[in-house]
Amino acid sequence: MTVNVALVGLGFGAEFVPIYQAHPDAELVAICQRDRGNLDAIGDRFGIERRYTSYEELLTDPDIDAVHINTPIPLHADQSVAALEADKHVACTVPMATSIEDCARIVAAARASGRTYMMMETVVYSREFLHVKHLLETGQLGRLQFLRGAHHQDMTGWPDYWEGLPPMHYATHAVSPLLALAGKRAETVSCVGSGVIPESLQGRYGSPFAVESAHITLAGSDLTAEVSRSLFSTAREYVESFDVYGSQISFEWTQTEGGQPVLFHGEEAERITVPDYAHLLPQEIQPFTTRGVYDAENGHLSFAQGGGHGGSHPHLAHEFVRSIVEGREPSVDVHTAANWTSVGLRAHESAMQGGRQIEVPQF
């Protein structure tokens, strides 16, 4: 079986073009971008003949089995629902949506259509995550005792819909590795805001906080997780990080880009070099864990700031394609995506209510 994929959004999304072209079970049959100039530049560069400036027109193409959405955040919900209703499988970059109601709409559309939905969360396929997952599954960490995640990023200069965005509305990079390692869904969240952003940034969303910090309880578990998030007016090098504390070994993320993470064996500290996990992939796409479309001279800000997203892109594409081929749910399926996204949405509600504990919807 070959899955015919269309890529929608060709900024950061262009990173996936050569991956799908090389994947043994996929064919990249179409690309979509509102900007005709960029659409043609990518199409010419990679030899893609079928090009759409209209997403609605693309969804009428009977040759397309699946769409991979890499468009601005406010479009994710409507575009995901439209694709599912058009009988297409959907992969969508994070977050799933910007409201609980839209998360529920996507869940309902996926159920009704019977099509696959996967949220393309990069952190849970980064080499750091895959390494810690290996340590956990082989028993080296011992019992999980506590989980911490953080995502600090300066969004100055990004598209205007980012201006004043509540920090926790884009929290999946910090939330996802914690819940994925625990193998549990979030049950409740309490969150407090700290500091303040300029008044000029507060108008769009009515959110005043520079930093939001949450505590999450996990369903059916004695574990709790802590997540902190900032977007503006907070001095910090870009970081998407997670720390994992076990009874035998603990893992802490590197403090600065280019440094080394630390394993703690009791009170003994060891700096480590995290291995690549390309061997988990088909040979044809293994090179894409260490290289992509963008480089130092032609860099997309998301890819550059995120350090190449930990080599995650070919792992994500492979999981999406194979889940369709095998007729199974993907690792970050529609219910998992809704839970991970809703943690942040409910966390911001909690922060606006002074830290009240709020239940996370169970979709």
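Preceding block: the structure.
Conventions we followed
Residues numbered from 1 in each chain as written. Predicted model: local features only at pLDDT ≥ 70, side-chain atom pairs only at ≥ 80, totals over all residues. Heavy atoms only, no water. Salt bridge = Lys/Arg side-chain N within 4 Å of Asp/Glu carboxyl O. Helix = DSSP H or I, 4+ residues; strand = E, 2+ residues; numbered from the N terminus. Buried < 20%, exposed > 50% of the residue type's maximum accessible area, 1.4 Å probe, protein only. Pairing = 2+ DSSP bridges. Contact = heavy atoms within 4.5 Å. Axes fitted to C-alpha atoms, helices over the stretch in contact; angles between N-to-C directions.

Let us look at the pattern of salt bridges. As enumerated under the stated definition, the model contains 18 salt bridges in all. We note a salt bridge from Arg50 to Asp61, for which the minimum N-O separation is 2.8 Å. One end of the pair, Arg50, is in the loop between α2 (36–46) and β3 (51–52); the other, Asp61, is in the loop between α3 (55–58) and β4 (66–69), and eleven residues separate them in sequence. The buried category is assigned to Asp61, whose relative accessible area is 6%. Its salt-bridge partner being Arg105, residue Asp102 comes within 2.7 Å of it at the nearest N-O pair. Highlighted residues: Asp102 and Arg105, both in helix α5 (residues 100–113), separated by three residues, approximately one helical turn. Given a relative accessible area of 19%, Asp102 falls into the buried group. Three or more residues joined by partner-sharing salt bridges are found here, namely Asp25, Glu319, Arg322, Glu326 and Arg328.

As a further point, take the sheet that holds strand β2 (residues 26–32). What the six strands build is an open sheet, ordered β3-β2-β1-β4-β5-β6; its pairing is parallel. Two strands in the sheet have a free side with no partner beyond their single neighbour: β3 and β6 (117–119). As judged from the six bridges shared by strand β1 (residues 3–8) and β2, these two strands associate in the parallel manner. Residue Val3 lies in a different strand from β2, and its bridge partner there is Ala26.

So, on to the environment of Ser200. Looking at where Ser200 falls in the secondary structure, it is placed in helix α8 (residues 199–202). In sequence terms Ser200 and Glu163 are 37 residues apart; their C-alpha atoms lie 8.9 Å from each other.

Take the sheet that holds strand β7 (residues 144–152) next. Pairing within the open sheet is mixed, and its nine strands lie in the order β14-β13-β12-β11-β7-β10-β9-β8-β15. On the outer flanks of this sheet lie β14 (268–271) and β15 (358–359), each paired with one strand and no other. Strand direction decides the pairing type here: strand β8 (residues 186–194) and strand β9 (residues 211–218), joined by eight bridges, are antiparallel. Within β9, the position partnered with Ser194 by the bridge is Val211. Sheet contacts for helix α6 (residues 127–137): β7, β11 (239–246), β12 (249–252) and β13 (262–265); angle to β11, the most-contacted strand, approximately 10°. Along the sheet face, helix α11 (residues 334–352) touches β8, β9 and β15 and points at about 45° away from the line of β8.

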